[in-house]
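One-letter residues, chain by chain:
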Amino acid sequence: MDVTLNVKRFDPDVDQPAPYYQEYSLEVEDSSTVLDGLIKIREEIDGTLALRCSCRSAICGSCAMRINGQARLACNTKVADAVPNGNGAIVVEPPGNMPVVKDLVVDFKPFWDKIRAVEPWLQHMGTKPQHEHIVTNESMLDLAGVMDCIMCGACVSDCTVLEVDSNFLGPAALAKAYRFVADPRDSEHGWRLGELNEYGGVWDCTRCMQCVEVCPKDVDPMGRIMALRDKAMEAGYNRTYGARHAAAFTKHVEHSGRVDELRLPIESKGIFNIVEMLKLAPVGIRALLRGKMPPIIHKSNPGMDHVRRIFEKAEKRR
Amino acid sequence: MFDHDVIIIGAGLAGMRAAMAARENGVDVAVISKVHPVRSHSNAAQGGINAALTERGDPWEEHAFDTIKGSDYLADQDAVEIMCREAGSEVIAMEHMGVIFSRDEAGRLGTRAFGGQRHARTFFVADFTGQAMLQVLYEQIMKASVRVYEEWFVLSLIVEDGECCGAVAMDIRSGEVHVIRAKAVIMAAGGLGRLFEPSTNALICTGDGMALAYRAGAPLMDMEMVQYHPTTLKSNGALMSEGARGEGAYLINSEGERFMERYAPSMMELASRDVVSRAEQTEINDGRGVDGCVFLDCRHLGEKLIKEKLSQISELARDFANVDMAREPVPIRPGMHYQMGGIKTDVQTLTPLPGLYGAGEVACVSVHGGNRLGANSLLDTLVFGRRGGEQAAERAKKRPQSNITESAADMERAVIQEMLDRDGGGEMFGKIRLELGQTMNYHLAVFRDQQGMELALAKTGELRERYSRVMVPDKGKTFNTNLIFTLELGFMLDCAESIVLSALERKESRGAHNRTDITDRDDNNWLKHILVSQGLEEPAIEHSPVVITRWEPQARVY
C-alpha cells in the first residue's frame, strides 16, 4: 500500500536549529508497521533521519514516539491502522516531555533521573535466606504486571501533569516504586511510602488516564499510583492534603451518598490550617456573590441504604 | 581521554553481571554500550534459566550431561562442568537481588520443562525472564553508581605490546571519538543475528564484539555453529519462546500430525533445537507445511495458563501474526537465533589476547558446542560474566595504566572522515546488508552443502568490495545513525567471512552444522574446534582439541 509519513524533524547541527515537518511517500506491505516505514525511509530514501529502534517486537522499549498525536511504539503500530480517514498522512513526532536531541530521538535523562529517585532496587535489611525467599506466586504475578514495563517512556511522554509540573515523579517512576512497595521481600516499605507522599509524589497525579491509555504493555501506571495512595494511607501517612481529601470524600459519601462541597475543601486543608483557610475565604465570598454557595445544611441522598450496602461490601472485600 | 581499571563493552546480562563482580572486587569499572542497558538484547530471552539445584535431587552432573549431549559433544566439558556447578548459586543470587521468579505451591522457585533436558530445571519469570533479569541487574548498576557510557559505539580495541589496554569509542550523541584506557577489557557485546535475514535478533545484534576482537588479533571459534530456533514468526522473524513447548504445546504439520513422533519419539517437541528445526524444515521441504511454515499448537493449554505464563508471546502472536494463540495454531518456522561460536576464551574467560576477556554470546568458552540448549544462554551470561568481572579485576589490581595517548584514536577518526568524505554515486549500506542477510540465510541455514557455502563465500567477497565504496549521506555530528549502521556493516562482513570459512572447513554434520552432502558425524576426524584468526593476507584457520572430562561421545538420540 502507498502511505505518507509526515515526520517532525530537528537537526541540531545547522545554524539556528528549528523543528520542521517533512513528508515522505513510500510503498509498504499491507502488514507493515510504522517502524517498518521509518526504517525504509532511513535506509532507502533519506539516510539522515534519526530514530531509536532495536527489537521490532515491543520488548526493548526503544521506539516510543507520538503517532498521530499519541505516544505509541512504532514497532507495534500497523500502518494500515494508523492512516487517518483511510488516506491521510500519518503524523510521526518525538515523544513529549523530554528534550529532543535529533528528529525522533529524545534525551531520556529526565526519565532515568526520576526512576533513580525512587531508589529502584530491592532493599532487604534482615539476614538473607540460605536459599530463595519463600513468597507466594500471587505476589510475584502481581509484580510481573509491573516488571513487564519496558521503560519506553510512552506514559511519561503523554502525562498531562508532567507537561505543567516537571517536578512530578511521573507514571513510570511511580509504577517502578510500586514494584518495591508491593514486594514482600523488600523491608523498606514504610520509608518508601513516606517519600512517595511528598510533593511530586503519588498525590500529584490527576487521574487523567493518559498513561493507562498509551502504555503498550498494560502496566496500568495510574492503577499502581492509586494502589500506592491506599498503601500510604494504610501505613498511617494520612496527614497530607491528598490523603485528607480522599478521607473526607469517602466519609461524606458514606454518610450522605454525595460530597459535601462546603466542607470538603475545609476538611482537606485542615480547619486549623489558618493560612489555607484565609486563602479559601475569597473563593467562598465569590461563590456567595454569584449564588453558587453550597447549602450549609448538607442533606442525604434518597436511597442511602443502598450506598451503605456498597460500602459494607467494599469493606468486606478488602 | 578517560581512564578506568576495567571497562566492559556491552551492557546486557553478561556485561552488567561482570560489572557487578568487578565492582565487588574493589576496582573502578565502567560499562560502554551502544544502547541504553535496558535496551540490550538480553531482554528478548523469554523462557528461563537452567540450574540443577542439588538440594532438590537434581545433580548438576545431569544438567552437564544434557548440555554436552545437546552440544553434539563439541562443548568443552571442563567449561560445562563449571557452568552447571555454579548455576544454582547464580540463580539464588539473582533472586536475592530481586528477580521475581515464578513460585511453586510452597512458595519456592518454580520450574518448567525445556528442550533437550530430562529434568524440569528451568527457572522463569512468565515468558520475559531475560527482561526481568536485565532490569534487576540495571537496578544494581544504578545502586552501585557504575559509570555507563550510554550510547557510545566502540570502534576498535587498543593493543600495545601484545596486550589489550583500552578502546576507541564514539559518543553517538556528540559524534566525538575518544580513547578510553583500561587495565583490563571485558568483551560482552552479544551476538551477530543480523547477519541473517530474517533473524529473531534485534537490529543491534551486528557482531561488533566478535569483529572488534578478531581485528585486534583474537581468534574466533566454532563460528560455523549457528542456531536456528524452531519457533519463529513468519512475518517478522519474532521469537516464540520454547517455554510454550515446555508448558506442553505441540508442533503440528499441515495434516495436523504431531510430526516429532517420527524424529524424536521420546523427547518429542522437547528434543534439542537443532533436531526440532531440522524436523520442521524436512516437513516443510516435503510439502507438509503451509506457506513455508508448520504450526505451534497451544489450544489445549487453556487461556489461564497462556495469560500467566506465556503472556508476551501471546501478544506477539496477536500483534504480528494476527492469531489468538488460545484458539488457533500459530504458523512458525525455524529462524536464525543464536551464535554458539565467538571469541575463544578459557574457563577464566581470558582470550588468547592478554588483557581481553569475553563472556556471553560474544564469547566461546565453549559450553554450547554444536547446539545450545534453551535457557543455557542466560546461565552462560551470568556464570562467565561474573568470572570475567573477577578475573579482570584481579588483573587490574596488579597493573599500571598504559601510557597510550589520545592519538590512539587518530586512525579511527581518519577512517570515519574518509567514509564521510566519499562523494558521488555510491550505494548506501542497506542493500549490501540485505543481500548479506539473504545469502547467509539461504546457504548457511538448517541444511548446508559445499556448493551453497562456496557461493556464499564468493558473495561475501563481492559485498566486501562494494562496502569499500559505500556512501554515508548523513554528514552530521549528532546522532548520526547512518554512519553507525555503515560501521556495523563492516563488522558484519568480517563475522560472515569467519562463519563461511569455518563451515566450509568442517567436513561432517554435527549439531547445527548439518551438511546434506556429508550427513554423518565424524568423531575420528572432526571432534575438534575450528578457529579463525585474522592473517596477514588471508584469514588463518586452525584446529584445537575438544576437552573431554568424563562423557565419551555417543550416538545422539532423543
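Along every chain, residues carry numbers that run from 1 in the direction the sequence is written. Each chain is given a letter, starting from A, and each ligand a number, starting from 1, according to the order in which they appear as written. Totals for whole chains, interfaces and linings use all residues, but because this is a predicted model, local features are given only for residues with pLDDT of at least 70 and pairs of side-chain atoms are given and counted only at 80 or more. Think of the side-chain values as coming from all heavy atoms in the structure, minus any hydrogens and water.

## Details of the overall build of chain A
For clarity, the threshold we go by: Secondary structure elements are taken from DSSP: a helix is a run of H or I of four residues or more, a strand is a run of E of two residues or more, and numbering for both begins at the N terminus. With a 1.4 Å probe rolled over the protein chains alone, any residue whose accessible area is under 20% of its type maximum counts as buried; one over 50% counts as exposed, and the rest are partly exposed. A contact between two residues is defined here by any heavy atoms of the two lying within 4.5 Å. Each accessible area is a Shrake-Rupley estimate made with a 1.4 Å probe; only the visible protein chains count as cover when residues are assessed.
Along chain A, the regular secondary structure elements total 14 helices and seven strands. Counting only C-alpha atoms, chain A reaches 70 × 65 × 40 Å along its principal axes. The 318 residues of chain A split such that 49% are buried. Excluding contacts between residues fewer than 6 apart, the proportion of contacts in chain A whose partners are at least 24 apart in sequence is 64%. If you sum the accessible surface of chain A, you get close to 16,000 Å²; carbon and sulfur atoms cover 52% of it.

## Remarks on empty space enclosed by the protein
Residue and element names in this part refer to chain B. Here is the rule: Here a cavity denotes a set of grid points, spaced 1 Å apart and computed over the protein atoms alone, in which a 1.4 Å probe fits but from which it cannot get out, and a pocket denotes an open set meeting protein on both sides within 12 Å along at least five of seven lines; residues with an atom within 4 Å of a point are reported as lining. Grid points are joined across faces, edges and corners, and a volume is the space filled by probe spheres set on the points. Residues were grouped as follows: Ala, Val, Leu, Ile, Met, Phe, Trp, Tyr, Cys and Pro as nonpolar; Asp, Glu, Lys and Arg as charged; and all remaining residues, including Gly, as polar.
Overall, the coordinates contain twelve cavities of 30 Å³ or more when judged by the stated rule. One number sums up the size of the largest cavity: a volume of about 750 Å³. Every residue lining the largest cavity is counted, 47 residues in all, and those nearest its centre are His41, Ser42, Gly190, Gly191 and Glu361. Elements represented by at least two residues in the lining of the largest cavity include exactly helix H1 (13-24), strand E2 (29-33), strand E7 (152-160), helix H6 (208-215), strand E14 (330-339) and helix H12 (377-398). It is H12 that provides the largest number of residues to the lining of the largest cavity, a total of four residues. In terms of residue class, the lining of the largest cavity is built from 22 nonpolar, 18 polar and seven charged.

## Focus on the sheet that holds strand E17 (residues 363-364) of chain B
All names here are of chain B. Worth spelling out the cut-off: A pair of strands is labelled paired if DSSP reports no fewer than 2 bridges between them. Throughout, an axis means a line fitted to C-alpha atoms (over the contacting stretch in the case of helices), and angles, computed between N-to-C directions, take values from 0 to 180 degrees.
As summarised here, the arrangement of the five strands in space is E17-E15-E10-E18-E19, forming an open sheet in which the pairing is mixed. Looking along the sheet, the strands with just one partner apiece sit at the ends: E17 and strand E19 (540-545). Sheet topology note: the strand E10 (residues 220-221)/strand E15 (residues 342-344) ladder contains two bridges and is antiparallel. Across the sheet, the residue bridging to Leu220 is Ile343, located in E15. On top of the sheet, helix H16 (residues 481-505) reaches E10, strand E18 (528-533) and E19; it is set at about 145 degrees to E18, its chief contact.

## Some remarks on a negative patch on the surface
Here is the rule: Candidates for patches are residues over 30% relative accessible area with no salt bridge; among them, like charges are joined within 9 Å and nonpolar side chains (Val, Leu, Ile, Met, Phe, Trp, Tyr) within 5 Å. Here a salt bridge means any side-chain nitrogen of Lys or Arg lying within 4 Å of a carboxyl oxygen belonging to Asp or Glu. Charged residues are defined here as Lys and Arg on the positive side and Asp and Glu on the negative side; His and the ends of the chain fall outside this count. A charged residue contributes its charge at one atom only: NZ of Lys, CZ of Arg, CG of Asp or CD of Glu.
A cluster of like negative charges, contributed by Asp2, Glu27, Glu29, Asp30 and Asp36 of chain A, occupies part of the molecular surface. Structurally, Glu27 of chain A is set in strand E2 (residues 20-27).

## Side note on the interface of chain B and chain A
Which entries qualify depends on this criterion: Take the accessible area each of two parts loses on contact, using a 1.4 Å probe, and add the two losses: that sum is the buried area. Two N or O atoms count as a polar contact when they lie within 3.5 Å, although within protein this holds only if one can serve as hydrogen donor and the other as acceptor, and sequence-adjacent residues are included solely when both atoms are side-chain atoms.
Every contact between the two is made by 62 residues of chain B and, on the other side, 62 residues of chain A. When chain B packs against chain A, close to 5,100 Å² is buried across both sides, 52% of that on carbon and sulfur atoms. When residues of chain B are sorted by the area they lose upon contact with chain A, Arg39, His96 and Ile100 of chain B head the list and together hold 14% of the total. One salt bridge connects Lys102 of chain A with Asp474 of chain B, and the closest N-O pair in it is separated by 2.8 Å. For the interface between chain B and chain A, the tally reads 37 residue pairs in polar contact (both at pLDDT 80 or more).

## Quick word on the pairing of strand E1 (residues 2-9) of chain B
Looking down a regular strand, the side chains alternate between one sheet face and the other. All names here are of chain B. Most of E1 is tucked away, with six of its eight residues classed as buried. Note: E1 against strand E9 (residues 177-187), seven bridges, orientation parallel. Across the sheet, residue Asp3 finds its bridge partner in E9, namely Arg181. Pairing of E1 with E2, which is carried by four bridges, proceeds in the parallel orientation. Bridging across to E2, Val6 finds its partner in Val29.

## Observations regarding the layout of surface pockets
Each pocket or cavity is described by its volume, and for the largest pocket that value is around 1,300 Å³. If you trace the largest pocket, you find 36 residues lining it, with Ser32, Asp36 and Ile39 of chain A together with Glu197 and Ser235 of chain B closest to the centre. Looking at which element gives the most residues to the lining of the largest pocket, the answer is helix H1 (residues 34-45) of chain A, with eight residues.

## Details of the environment of Asp161 of chain B
Relative to the helices and strands, Asp161 of chain B resides in the loop between E7 and strand E8 (163-171). Sequence spacing of Asp161 of chain B and Pro354 of chain B is 193 residues, and the spatial spacing of their C-alpha atoms is 9.9 Å.

## What about the packing of aromatic side chains?
Filter applied, for reference: Pairing of aromatic rings covers Phe, Tyr and the six-membered ring of Trp, with a centre-to-centre limit of 6.5 Å; geometry is then stacked below 30 degrees between planes, edge-to-face above 60, and tilted otherwise. Remark: a charge is flagged as sitting over a ring if the NZ atom of Lys or the CZ atom of Arg is within 6 Å of the ring centre and within 35 degrees of the ring normal.
Taken as a whole, this structure holds ten aromatic pairs over all chains when the rule is applied. An angle of 90 degrees between the planes, with centres 6.3 Å apart, marks the rings of Phe259 of chain B and Tyr263 of chain B as edge-to-face. The class of Tyr263 of chain B is partly exposed, set by a relative accessible area of 27%. Each member of the aromatic cluster is reached from another via a ring pair, and the members are Phe108, Phe111 and Trp112 of chain A together with Tyr138 of chain B. The residue whose ring lies beneath Lys69 of chain B is Tyr558 of chain B, and the NZ or CZ to ring-centre distance is 4.3 Å. Here the guanidinium or amino end of Arg85 of chain B rests over the ring plane of Trp60 of chain B, the centre of that ring lying 5.5 Å away.

## Examining helix H7 (residues 170-181) of chain A
All names here are of chain A. Note the cut-off: Take the residue count of a helix, subtract one, and multiply by 1.5 Å to get its expected span.
In this model, H7 (twelve residues) spans 16 Å end to end at C-alpha, consistent with the 16 Å of a helix rising 1.5 Å per residue. Counting buried residues in H7 gives twelve out of twelve residues, a clear majority hidden from the surface. Burial in H7 covers these residues: Gly170, Pro171, Ala172, Ala173, Leu174, Ala175, Lys176, Ala177, Tyr178, Arg179, Phe180 and Val181.

## Structural notes on the side chain of Asp58 of chain B
All names here are of chain B. Within the secondary structure, Asp58 sits in the loop between strand E3 (49-50) and helix H2 (60-70). Looking at Asp58, the relative accessible area reads 3%, which means it is buried. Separated by 3.5 Å, the side chains of Asp58 and His119 make a polar contact. With sequence-adjacent residues up to four places away left out, Asp58 is seen in contact with Ala51, Ala52, Leu53, His119 and Arg121.

## Remarks on the pattern of salt bridges
Side chains bearing opposite charge may pair, as long as their charged atoms lie close to each other. Residue and element names in this part refer to chain B. Scanning the model with the defined rule gives 79 salt bridges over all chains in all. A salt bridge links Glu90 to Arg386, with the shortest nitrogen-to-oxygen separation between them at 2.4 Å. Of this pair, Glu90 sits in helix H4 (residues 87-97) while Arg386 sits in helix H12, placing them 296 residues apart in sequence. Comparing Glu90 with Arg386, the two get one shared label, buried. For the salt bridge of Arg556 with Asp274, the shortest nitrogen-to-oxygen distance reads 2.9 Å.

## Topic: H1 of chain B
Residues three or four positions apart in an α-helix share a direction because the helix packs 3.6 residues into each turn. All names here are of chain B. Between its terminal C-alpha atoms H1 stretches 16 Å, which fits the 16 Å expected from twelve residues at 1.5 Å a residue. Of all the twelve residues making up H1, ten are buried; the element is thus mostly covered by neighbouring parts of the structure. In this structure, the buried residues of H1 make contact with E1, E2, H4, helix H5 (129-143), E9 and H12. Note on H1: the residue one or two positions beyond its end, Gly26, has a positive phi of about 80 degrees.

## Regarding the packing of H1 of chain B against H12 of chain B
The description of two packed helices rests on the angle between their axes and on the distance between the axes. All names here are of chain B. Threshold: Here a crossing is taken to be left-handed if its near helix is turned anticlockwise relative to the far helix by less than a right angle, and right-handed if that turn runs clockwise.
One can describe the packing of H1 onto H12 by two numbers: an axis separation of 7 Å at closest approach and a directional angle of 35 degrees. You can see that H1 and H12 cross each other, and the crossing is right-handed. Each of Leu13, Ala14, Arg17, Ala18, Ala21 and Ala22 in H1 lies in contact with H12, whose residues at this interface are Leu378, Thr381, Leu382, Gly385, Arg386, Gly389, Glu390 and Ala393. Among the residues making up the contact of H1 with H12, the classes are represented as eight nonpolar, three polar and three charged.

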